[in-house]
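A closer look at the structure
Here's the letter readout for the chains.
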Amino acid sequence: MPHRSEDAEVVVRRLVVAYGHRAVLHGVTARIPRAASTVVVGHNGSGKSTLLGAIAGVVRPVSGTVERRDAGRPALVTQRSTVPDTLPITVREAVSMGRWARRGMWRRLSRTDRAMVHECLTRLGIQDLAARQLGELSGGQRQRALVAQGLAQESDLLLLDEPTAGLDTKARECIAEVLAEVTARGTTVVQATHDLTEALRADHCLLLRDGSLAAEGPPADVLRAVRNRAGFPGTEPEWAAS
Ligand SMILES: Nc1ncnc2c1ncn2[C@@H]1O[C@H](COP(=O)(O)OP(=O)(O)OP(=O)(O)O)[C@@H](O)[C@H]1O
């Protein structure tokens, strides 16, 4: 199991994050193994999104550190698009925005960029939706488009906040396969999830409880207590009860 310090893509130390005066992460220390998949689990409000945001550098900690092995910008796929629904933007354009980190916002996409955008659309099964407005899509279609945008960034570190929430089985499997592929190619993938089946497939697991790290390690070990309590397989375990 690759979670020794020297194999880590990210090392988080004594991380404290607050919104206003309210601390929501209370000194979290954790390692995220390189070129492997990590799941972050825990009940609603336990701090999963906040931890991903802090690792991505979009949430500033009060104290503590986030050390990255690679210098490149992480790709963060959030639950909600940063593009407002009212902005007239096609699915292809939204996915193309994933290339901005490499190309710059104002430069034309190269043939390689366009090929990557096409590949990401195809891989997520949304090539037929490429010309549709992002704001017109169903929740599941939109979620696939956001994952495609994250993939298009070709970052060494891909962070996803509940990428399969609300998706049907086929879409969930599609995303799981895509994430397994990019992990096998050497990307470090971290996803917050409430899906126990998905969590058990990962290489590494962080269990958050009320803003603190309750457990870290192989998912089967971390989730054993949760699994026993929830009944396996289950999709809505009571993380907090373990
Ligand atoms: N922008 C914000 N302003 C104020 N408080 C926030 C903000 N975002 C999150 N919080 C609070 O921080 C805590 C952790 O929230 P966070 O979204 O990180 O949890 P989560 O584990 O991702 O939850 P969920 O499973 O519901 O997505 C919660 O108490 C939440 O109310």
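Here is a short report on the structure shown in this document. (Residues numbered from 1 in each chain as written. Predicted model: local features only at pLDDT ≥ 70, side-chain atom pairs only at ≥ 80, totals over all residues.)

1. A short note on the pairing of strand S7 (residues 188-192)
For S7, the buried fraction is high: five of the five residues fall into the buried class. Across four bridges, the pairing between strand S3 (residues 37-41) and S7 is parallel. Each residue of the ladder has a partner; that of Val 39, found in S7, is Gln 191. In this structure, strand S6 (residues 157-161) lies alongside S7, joined through five bridges in parallel fashion. In the sheet register, Leu 159 faces S7, and the bridge partner there is Val 190. The handedness of the S6 to S7 crossover, carried by helix H6 (residues 169-184), is right-handed. (Buried ≥ 20, exposed ≤ 12 C-beta atoms within 10 Å, placed from the backbone. Helix = DSSP H or I, 4+ residues; strand = E, 2+ residues; numbered from the N terminus. Pairing = 2+ DSSP bridges. Right-handed = clockwise from strand over helix to strand, strands pointing away.)

2. Concerning the site of the ligand
Tyr 19, Val 24, Gly 42, Asn 44, Gly 45, Ser 46, Gly 47, Lys 48, Ser 49, Thr 50 and Ala 192 make up every residue found near the ligand. With three residues, the top contributor of residues to the shell around the ligand is helix H1 (residues 48-56). The residue inventory of the shell around the ligand, partitioned by class, reads three nonpolar, seven polar and one charged. (Near = placed C-beta within 6 Å. Nonpolar A, V, L, I, M, F, W, Y, C, P; charged D, E, K, R; others polar.)

3. Topic: the packing of helix H4 (residues 111-123) against helix H5 (residues 139-152)
At a closest axis distance of 9 Å, the pairing of H4 and H5 adopts a crossing angle of 140°. H5 is crossed by H4, and the crossing has right-handed handedness. For the pair formed by H4 and H5, the contact residues are Met 116, Val 117, Cys 120, Leu 121 and Arg 123 on the first element and Ala 148, Leu 151 and Ala 152 on the second. Among the residues making up the contact of H4 with H5, the classes are represented as seven nonpolar, no polar and one charged. (Axes fitted to C-alpha atoms, helices over the stretch in contact; angles between N-to-C directions. Left-handed = near helix turned anticlockwise from the far one by under 90°. Contact = placed C-beta atoms within 7 Å.)

4. Observations concerning the sheet that holds strand S4 (residues 63-68)
An order of S2-S1-S4 is seen for the three strands of this open sheet, with the pairing classed as antiparallel. Each of the sheet's edge strands pairs with one partner strand only, and the pair in question is strand S2 (22-33) and S4. Averaged over all adjacent pairs, the angle separating strand axes in this sheet is 15°, with direction ignored. As judged from the nine bridges shared by strand S1 (residues 8-19) and S2, these two strands associate in the antiparallel manner. Across the sheet, the residue bridging to Val 16 is His 26, located in S2. Packing of H1 onto the sheet brings it into contact with S1, S2 and S4, and relative to S1 it is tilted by some 115°.

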